[in-house]
Amino acid sequence: MNQGYCSVCQKYSNTGEFCDKCGGKLIFFQASSNMQNSAYNTDSQNISGQNITYSQQQFSDNQNPQTKKSKSVLGFKNMDKLTTIGILLLSLYNIIGIFMSQYAAQFIIKEKRVFLVKINVSYFWMWLLVIINFLFLIGTILLRKNKSVICTVGQGVMWLVTLFLTFFVNQNNINYENMERAWKNGVVVTYNMSTDVSKFLGVAAFSIGHLFVIILWIAALVCIALGRTREI
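Residues numbered from 1 in each chain as written. Predicted model: local features only at pLDDT ≥ 70, side-chain atom pairs only at ≥ 80, totals over all residues. Heavy atoms only, no water.

## A word on the overall build of the chain
Stage number 1. Scanning the chain for helices and strands turns up 6 helices and 6 strands.
Stage number 2. Start at the N end of the chain and walk to the C end: the helices and strands fall as β-β-β-α-α-β-α-α-β-β-α-α.
Stage number 3. Per-residue burial over the chain gives 33% buried out of 232 residues.
Stage number 4. Sequence separation of 24 or more characterises 69% of the internal contacts of the chain that already satisfy a separation of 6 or more.
Stage number 5. Carbon together with sulfur atoms contributes 62% to the accessible area of the chain, which is approximately 15300 Å² in total. (Helix = DSSP H or I, 4+ residues; strand = E, 2+ residues; numbered from the N terminus. Buried < 20%, exposed > 50% of the residue type's maximum accessible area, 1.4 Å probe, protein only. Contact = heavy atoms within 4.5 Å. Areas by Shrake-Rupley, 256 points an atom, 1.4 Å probe, with all protein chains shown as cover.)

## Observations regarding the pattern of salt bridges
Stage number 1. Counted by the stated rule, this structure contains 2 salt bridges.
Stage number 2. Two residues, Asp-80 and Arg-230, come together in a salt bridge whose shortest N-O distance is 3.6 Å. Note that Asp-80 is positioned in the loop between α1 (30–71) and α2 (81–112) and Arg-230 in helix α6 (residues 214–230), a separation of 150 residues in sequence.
Stage number 3. According to the relative accessible area criterion, Asp-80 is buried, its value standing at 14%.
Stage number 4. Across the salt bridge formed by Glu-231 and Arg-228, the nearest N and O atoms sit 2.8 Å from each other.
Stage number 5. Look at Glu-231 and you get buried, because its relative accessible area is 6%.
Stage number 6. On the accessibility criterion, Arg-228 (1% relative accessible area) is buried. (Salt bridge = Lys/Arg side-chain N within 4 Å of Asp/Glu carboxyl O.)

As structure tokens, this is what we get:
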């Protein structure tokens, strides 16, 4: 039963429509109570709605970093220790390979010298292969997962192709007559980048030079393949 308010006694009473002391008619505030209840329910719903919105937003915020990580292209984020070791080994393979290739090129040129004849051969093709090798190295560092491993494998495939061309292509087909002659303290023979000699020299120097450090590439491939599989 709703309580009524007696304006004479100035108190609430639940004795019906009339006050039990003075007999005056009680005033009921049912409408006001309903309004208060309605306002309370509305506030509760708003608070509940805010909680739901906050929870959804919080869940979304928690998910976003993982989504960004999974979509990240750069492979140096969250890099595994094995991957780091593999990249260091692969860098050594590339750097030492340059010096070994230069030494091999000089040795090949020296073998072709006859008496006072000096030979100058363009190193263009050798440096082109070196640059391509470094592009594979950059891809190994920056790309993630399988793409990174593929770049590492690409270096090995390129080395195998140059090694095959060096030892299995018939060197008798190389045209040693396409050259420029100059006289300076003897005969100086120059082969520019468009000659077969410079092409063969570049391929042979690259393949032989990297042959001495191929063990570094094998170790790097193993470390990078294992490291990339352990990364998030």
